[in-house]
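What follows is the residue order along each chain.
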Amino acid sequence: MLQNGGGTAPAATDGLIKETTTQAFVKDVIEESRRQPVLIDFWAPWCGPCKQLTPVLEKVVKAAKGKVKLVKMNIDDHPAIPGQMGIQSIPAVIAFVNGQPADGFMGALPESQVVAFLERLTKEKLGGDKDLLKAAEQALAGGDHAGAAEIYAQVLQEDSASIPALAGLARCYVASGNIEQAKQTLAMIPESKQNDSAVSAARAAIELADQSKSLGPISELEQKVATDPKDYQSRFDLALALNAKGSREQAVDQLMEIVKRDRKWNEDGARKQLVQFFDAWGPTDEATIAGRKRLSSVLFA
């Protein structure tokens, strides 16, 4: 990003920061992330916000003293990887941990938010509400929507502006079918925090809930797919319906089948829908972790 005449920025000392290519992506990002978290920063020379974010990222990564590495990819020179990952706007930063995408954000965040992002990623700093938020996330993932909502409310009593708690509460409303209340809760979050990963997850959950309203009965969709395995629209709708009733693994199965059979169907629609599922479920959900592993094995085989 901060380029000299549009050229490639020199690598930082100690190998903490480097540029990568399509060919080197697996080695530089996926394999390296098995040793410590790796941030992949998608940028372009013409992107003004990218130039604002770069020095912030580099400063924070250097301050972390080896706990995380930064890898930058020019999307103009290397469009394949960002295209496969569904990157539609830049700057976009995706964190890889243990070979899998784990978290991320879009836009030129201020230094304080980048520091907070890295702290969440490396788990070096535990805030007072961290254990409560973890308990709420576990309750929500386990189907205890009411219990999760109570814990998020407890966090909000101490910090009414807690972004993870507000976003989590919105997801609780989605899970209980109260979509309008979920939208109202999400609207309480300031515009400057709308790119937070927890907010993105809640927004994706709301969008999925709205999508599922127009779907037919699961039994009818299953019959259509059984009759014609290449009826990808019915298979796609079946995945949405399965997700709506909480059958996440089966939903992933249906979309992965489309990806394997016809990657280009509906302009890569199955992979894009998988990404939205992962956003809605959150990076630590078991279905997200397993689904991302399966998708990566296909995309980067």
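Just so it is clear, the model here is predicted, and its values are computed rather than measured.

A. Just the confidence of the model for the chain, in detail. Considering every residue of the chain, the mean pLDDT works out to 86; 92% of them sit at 70 or more. Predicted confidence is poor over residues 1–13, with pLDDT under 50, and the contacts of this stretch with residues over four places away or in other chains come to 19 contacts.

B. Main features of the packing of aromatic side chains. Counting across every chain of the model gives six aromatic pairs. Here the aromatic rings of Y232 and W265 are separated by 6.2 Å at their centres, their planes lie at 70°, and the arrangement is edge-to-face. One end of the pair, Y232, is in helix α11 (residues 232–244); the other, W265, is in the loop between α12 (248–261) and α13 (269–281), and 33 residues separate them in sequence. Each of the two residues, Y232 as well as W265, counts as buried. Arranged with centres 6.2 Å apart and planes meeting at 65°, the rings of F278 and W281 form a pair that is edge-to-face. In this pair, F278 and W281 are both assigned in helix α13, three residues apart and thus about one turn of the helix distant.

C. Structural context of the state of the cysteines. Counting across every chain of the model gives one disulfide. The partner cysteine of C47 in its disulfide is C50, sulfur to sulfur 2.3 Å. Disulfide C47 to C50: torsion about the S-S bond roughly 85°, handedness right-handed. We note that C47, like C50, is buried.

D. Molecular detail of the pattern of salt bridges. Following the criterion strictly, the structure yields 14 salt bridges and no others. Across the pair E111 and K59 runs a salt bridge, and its minimum N-O distance is 3.2 Å. Of this pair, E111 sits in helix α4 (residues 111–122) while K59 sits in helix α2 (residues 48–63); the two residues are 52 residues apart in sequence, bridging distant segments of the chain. Judged by relative accessible area, which is 33%, E111 ranks as partly exposed. For D268, the salt bridge is made with R271, and the minimal N-O distance between the two is 2.5 Å. The two residues D268 and R271 agree in class, both being buried. Where salt bridges share partners, they join E180, K183, D210 and K213 into one cluster.

E. How the structure looks around the packing of helix α7 (residues 163–175) against helix α9 (residues 197–212). For the pair α7 and α9, interaxial distance at closest approach is 8 Å and the crossing angle is 15°. The pairing of α7 with α9 is recorded here as roughly parallel in orientation. Considering only the axes of α7 and α9, their crossing is left-handed. Of α9, the residues touching α7 (which contributes I163, P164, A167, A170, R171 and V174) are A198, V199, A201, A202, A205, I206 and A209. Residues of the contact of α7 with α9, tallied by class, amount to 12 nonpolar, no polar and one charged.

F. Looking closely at the environment of L70. Inspection of the secondary structure puts L70 in strand β3 (residues 69–74). For L70 and I40, which are 30 residues apart along the polypeptide, the C-alpha to C-alpha distance reads 6.1 Å.

G. Representation of the nonpolar core. One finds F25, I40, F42 and F277 to be the most contacted residues of the largest nonpolar core, which totals 75 residues. If you tally residues by element for this core, the top one is α7, at eight residues. Those residues in contact with F25 that sit more than four places away from it in its chain are T20, I30, I40, M73, I81, M85, F96 and F300. In terms of nonpolar packing, the next biggest core, distinct from the first, is built from 19 residues, L39, V60, L70 and L109 among them.

H. Broad picture of the pairing of strand β2 (residues 38–43). Most of β2 is tucked away, with six of its six residues classed as buried. With six bridges connecting them, β2 and β3 associate as parallel partners. Each residue of the ladder has a partner; that of F42, found in β3, is M73. In this fold, the crossover linking β2 to β3 by way of α2 has right-handed handedness. Two elements, β2 and strand β4 (residues 92–97), share five bridges in a ladder whose sense is antiparallel. Note on β4: the bridge partner recorded for L39 is A95.

I. Structural detail: the pairing of strand β5 (residues 100–106). β5 sits mainly inside the fold: six of its seven residues count as buried. Counting the residues in the hairpin turn of β4 and β5 gives two residues, including N98, whose phi is positive at 55°.

Thresholds, definitions, all that
Residues numbered from 1 in each chain as written. Predicted model: local features only at pLDDT ≥ 70, side-chain atom pairs only at ≥ 80, totals over all residues. Heavy atoms only, no water. pLDDT = per-residue confidence, 0-100. Contact = heavy atoms within 4.5 Å. Phe/Tyr/Trp six-rings, centres within 6.5 Å; stacked < 30°, edge-to-face > 60°. Helix = DSSP H or I, 4+ residues; strand = E, 2+ residues; numbered from the N terminus. Buried < 20%, exposed > 50% of the residue type's maximum accessible area, 1.4 Å probe, protein only. Disulfide = S-S within 2.5 Å. Salt bridge = Lys/Arg side-chain N within 4 Å of Asp/Glu carboxyl O. Axes fitted to C-alpha atoms, helices over the stretch in contact; angles between N-to-C directions. Parallel < 35°, antiparallel > 145°, perpendicular 65-115°, else oblique. Left-handed = near helix turned anticlockwise from the far one by under 90°. Nonpolar A, V, L, I, M, F, W, Y, C, P; charged D, E, K, R; others polar. Core = buried A, V, L, I, M, F, W, Y, C linked by side-chain atoms within 4.5 Å. Pairing = 2+ DSSP bridges. Right-handed = clockwise from strand over helix to strand, strands pointing away.

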